[in-house]
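Chain residues, written in single-letter form:
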Amino acid sequence: MLSQAEGIEFSEIQNRTGLSKSALSKHLTQLIDVGHLKDEQFVRSGSSRLMLSLTSQGRAAYAGHRKALEEILLVENTAPSPMTR
Amino acid sequence: METGDSWTKPTPEEARELLASANTEEHSTVNRPVPIWYYPVIALVLFAISSFNSIDEPAGFIRVVTVVLVLGLACSISALVWRFSVNQPGYRGIHVPWGPTIAITLVAACFPIAAIALDDVLGSWVWIAAGAALAVLVLATGVPYQRKSRND
């Protein structure tokens, strides 16, 4: 979801994934630690919020994963069918 | 699939499911739900802007009021689009799908352009017709989008 926006708030990610705060925090912290994600505190409507966004490394990693998955499908689609001889 | 420290290559079926899931999430980020009144209001404002242009040679105070109203309505559309399509709360910098956006903008631009071209030939009523046609276009494309984005 983060690949299509410059940033998404923690609460919105939690809302969309259905994960608990602690579970989501754990996942996001792992991604921040490896440099795929960055976080930024800001204030909106008087309350402190957390904005998450992909780093350039994270975007490259996501693009790489997508490409790898597409290649798996490409290999499957181009492999000769056992029926065609 | 990733399992702890080990990694096994996804099967084609798993790859298909992962890509479908990724596509769904990307789609849900770009196509955020908008309020049910959003497209009807935009259609109505566009119709109003177009209809103001049908006033034959407004003069003096009426001209000033007309210009102010048209500019105000145009700004209100910009504010609505910014608030509900580009910069929704919880999101920053949603990526705009430029291809479809430019395409629909060019189609929409044809209506006022046609009105400009036909105004002197057919009369100023063409502005009302163009505004009505543009409003129908907005509703025809926007309402199904609004329903789909709310169901996703």
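None of these values were measured; they are calculated from a predicted model.

Student: Hey, could you run me through unusual backbone geometry in this one?
Tutor: Most peptide bonds take the trans form, and the phi angle of most residues other than glycine is negative. Residue and element names in this part refer to chain A. Even without glycine at this site, Ser45 takes up a positive phi of about 55 degrees. Assignment of secondary structure puts Ser45 in the loop between β2 (37–44) and β3 (47–54). Overall, Ser45 belongs to the exposed group, its relative accessible area being 67%.

Student: Would you explain the environment of Thr29 of chain A in this entry?
Tutor: All names here are of chain A. Considering the arrangement of structural elements, one finds Thr29 in helix α2 (residues 21–33). Given the relative accessible area of 40%, Thr29 is considered partly exposed. Remark: the alpha-carbon pair of Thr29 and Asp39, spanning 10 residues in sequence, is separated by 9.4 Å.

Student: Just checking my understanding: could you explain the sheet that holds β3 of chain A for this structure?
Tutor: Sheet strands pair via backbone hydrogen bonds, and the direction of the pair is either parallel or antiparallel. The antiparallel open sheet is built from four strands, whose spatial order is β2(A)-β3(A)-β1(A)-β3(B). Each having just a single partner strand, β2 of chain A together with β3 (91–94) of chain B make up the two edges of the open sheet. Averaged over all neighbouring strand pairs, the angle between strand axes comes to 30 degrees, with direction disregarded. Here strand β1 (residues 5–9) of chain A pairs with β3 of chain A via two bridges, running antiparallel. Paired with Glu9 of chain A across the bridge in β3 of chain A is Met51 of chain A. Running over the sheet, α2 of chain A touches β2 and β3 of chain A and is turned about 120 degrees from β2 of chain A.

Student: How should I be thinking about the packing of aromatic side chains in this particular structure?
Tutor: How two aromatic rings sit relative to each other is set out by the distance from centre to centre and by the angle between their planes. All names here are of chain B. Inspection of the entire model under this criterion finds four aromatic pairs over all chains. Seen in terms of ring centroids, Trp37 and Phe84 are 5.3 Å apart; in terms of plane orientation they differ by 90 degrees. Their pairing is edge-to-face. Taken together, the residues span a long stretch of sequence, with Trp37 in the loop between α1 (12–30) and α2 (38–52) and Phe84 in helix α3 (residues 60–86) at a distance of 47 residues. Relative accessible area serves as the criterion here: at 39%, Trp37 is assigned to the partly exposed category. On the basis of relative accessible area, Phe84 is assigned to the buried category, the value being 14%. Between Tyr39 and Tyr145, the ring centres sit 6.1 Å apart and the planes meet at 85 degrees, which makes this aromatic pair edge-to-face. Residue Tyr39 is located in helix α2, and its partner Tyr145 is located in helix α5 (residues 125–151); the two are separated by 106 residues in the primary sequence. Taking the relative accessible area as the measure of exposure, Tyr39 reaches 17% and is therefore buried.

Student: Teacher, can you tell me more about the interface of chain A and chain B here?
Tutor: Reports often express the size of an interface as the amount of accessible area lost when the parts come together. Chain A puts 21 residues into the contact, and the matching count from chain B is 23 residues. Roughly 2100 Å² of surface becomes buried between chain A and chain B when both sides are summed, with 54% attributable to carbon and sulfur atoms. It is Gln4, Arg16 and Ile72 of chain A in chain A that bury the most area against chain B; as a group they hold 29% of the surface buried on that side. The interface formed by chain A and chain B contains four salt bridges. Taking the shortest distance from any N to any O, the salt bridge between Glu40 of chain A and Arg92 of chain B comes out at 3.2 Å. The tally of links between chain A and chain B comes to 19 residue pairs in polar contact (both at pLDDT 80 or more). Counting residues per element, the ones that place at least two in the side of chain A that touches chain B are β1, α1 (10–17), β2 and α3 (56–78) of chain A. No other element matches the eight residues that α3 of chain A contributes to the side of chain A that touches chain B.

Student: Teacher, can you tell me more about the confidence of the model for chain B here?
Tutor: For any part of a model where pLDDT is low, the fine detail of the predicted coordinates should not be relied upon. Of all residues in chain B, 93% attain a pLDDT of 70 or more, and the chain-wide mean is 85. When mean pLDDT is taken per element in chain B, α2 of chain B scores highest with 92 and strand β1 (residues 2–3) of chain B scores lowest with 44.

Cut-offs and rules
- Residues numbered from 1 in each chain as written.
- Chains lettered and ligands numbered in written order.
- Predicted model: local features only at pLDDT ≥ 70, side-chain atom pairs only at ≥ 80, totals over all residues.
- Heavy atoms only, no water.
- Helix = DSSP H or I, 4+ residues; strand = E, 2+ residues; numbered from the N terminus.
- Buried < 20%, exposed > 50% of the residue type's maximum accessible area, 1.4 Å probe, protein only.
- Pairing = 2+ DSSP bridges.
- Axes fitted to C-alpha atoms, helices over the stretch in contact; angles between N-to-C directions.
- Contact = heavy atoms within 4.5 Å.
- Phe/Tyr/Trp six-rings, centres within 6.5 Å; stacked < 30°, edge-to-face > 60°.
- Buried area = accessible area lost by both parts, 1.4 Å probe.
- Salt bridge = Lys/Arg side-chain N within 4 Å of Asp/Glu carboxyl O.
- Polar contact = N/O pair within 3.5 Å; in protein donor to acceptor, adjacent residues only side chain to side chain.
- pLDDT = per-residue confidence, 0-100.

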